[in-house]
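Residue-level structure breakdown
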Amino acid sequence: MKDKTFTILDYIKMRGDLSFAQSDFNSVDALILSQIAYNNIDGLVSPDFKQKITLEELSERFTTTKDYEKRCNMGAMINPLTPKLLESAAESRRFGKIKVSGFVNKIDEKAIEQFSAITYQLESDRYVVALRGTDDTIVGWYEDFNLGYMDEVPAQKDTREYVQGAMAALKGRFIITGHSKGGNLSVKGGMSVPKKSLGRLEAVYNFDGPGFFAPVYERPEFLEIKDRVFAYFPEFCVVGMMFEHTNQYKIVACSAEGILQHDPFTWNVAGPCFETAPAFDEASEIFYSSFNAWAARLSPQERKKFIDTLFDVFYASGAKTNYEIDQNKLVCGGKMLAKLAELNENERKSVTRAIKVFVKVAKDNIPMFSVFKPKALVK
């Protein structure tokens, strides 16, 4: 492990007594609210923007639910400290009185969609829309890959409608934030703000989210907000290396190694900001060039065929989440390898090549990839 400074939990302990009037909202606050959005709070917050409860009240509801332990198990991909982050924030002066509303959580396997959002009210006229990143579901990952050929995936469409609905219902200034796929959605959300409302958009935070294809950054709706977009990526960056980004970003120093740096609990905090690093890890640069070179070589139709074939292999496991695969790697892995063997030679080579790239960077941390071992892939 690398030497570390402080985590987002330490930040709450050390600065949680400061109100936003004393210390203005910053990037660490945005990451904390993005991570809290991963919590399983279904049924605890109204989808209506007018019916609000405080974060303190939400934490009380969350910790006293009959299925509290089940809610805390968010699978293999979400840090188990996430419920603790909610509870710690709720107990603090800085976050406890924040009001929450507008909670939406949608998973649609048929539409290949995973979308969730929540709105926080910091002050009487200041709001933060937090867009959940990829959760533990296979369909969530499927939608991420569909960014590779679709002009707008379902979660991006829902983001556009959600942001516009929030700004119509609530009068005041807005910040949009998200981690992982939520980072991509936050940029999409910023681009979705109607021109007449752009003066109300303060900032957009993208924490290690996938990018877009290069032409998106030339669109007027992006150029209107580009100076308000703040992007942060860990030193070892995989998710954020998917597709293109602008050159406006900061690299965050982390306390973990490899792809575990995608986890916000490993990001080093220094006061009201992040500890920065001078450059990306070399492996990240290699992944970036190889992944995006692959994407550029294929037509949208070819990318779609490849992605559908890849996820046919994952769904052959019979599992719906990474957690289910992790709990039964032998059986799930066997079923996926059997499905791989059924593909024609060209499809099998293409899928195997992609899986090998992710096995190199994922090691044992993404179950749907880590069941494949290099020896098995060359059989």
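Look up: the structure comes first, before these words.
The structure presented is a predicted model; accordingly, all values stated were derived computationally and were not measured. (Residues numbered from 1 in each chain as written. Predicted model: local features only at pLDDT ≥ 70, side-chain atom pairs only at ≥ 80, totals over all residues. Heavy atoms only, no water.)

1. Some points on the packing of aromatic side chains
If you walk through the whole model with that rule in mind, you get 24 aromatic pairs. For the ring pair Phe 212 and Tyr 217, a centre distance of 6.0 Å and an interplane angle of 85° mean the geometry is edge-to-face. We classify Phe 212 as buried; its relative accessible area is 10%. Taken together, the ring pairs connect Phe 20, Phe 25, Phe 95, Tyr 205, Phe 207, Phe 230, Tyr 232, Trp 267 and Phe 274 into an aromatic cluster. (Phe/Tyr/Trp six-rings, centres within 6.5 Å; stacked < 30°, edge-to-face > 60°. Buried < 20%, exposed > 50% of the residue type's maximum accessible area, 1.4 Å probe, protein only.)

2. As for the sheet that holds strand S6 (residues 201-207)
In spatial order, the strands read S1-S2-S3-S4-S5-S6-S7-S8; together these 8 strands make up an open sheet with mixed pairing. Looking at strand neighbours, the two that pair on one side only are strand S1 (53-54) and strand S8 (250-252), the edges of this open sheet. Seen against the sheet, helix H8 (residues 154-169) touches strand S2 (99-108), strand S3 (113-123), strand S4 (126-131) and strand S5 (173-179) and runs at an angle of roughly 25° to S3. (Pairing = 2+ DSSP bridges. Helix = DSSP H or I, 4+ residues; strand = E, 2+ residues; numbered from the N terminus. Contact = heavy atoms within 4.5 Å. Axes fitted to C-alpha atoms, helices over the stretch in contact; angles between N-to-C directions.)

3. Focus on the environment of Glu 123
Mapped onto the elements, Glu 123 comes out in strand S3. With a relative accessible area of 28%, Glu 123 lands in the partly exposed category. Considering only alpha carbons, one finds Glu 123 and Lys 97, 26 residues apart in sequence, at a separation of 9.4 Å.

4. Some thoughts on the state of the cysteines
Evaluated as defined, the whole model comprises 0 disulfides. Of all cysteine sulfurs in the structure, the one in Cys 237 sits closest to Cys 254, which takes part in no disulfide; the separation is 9.6 Å. (Disulfide = S-S within 2.5 Å.)

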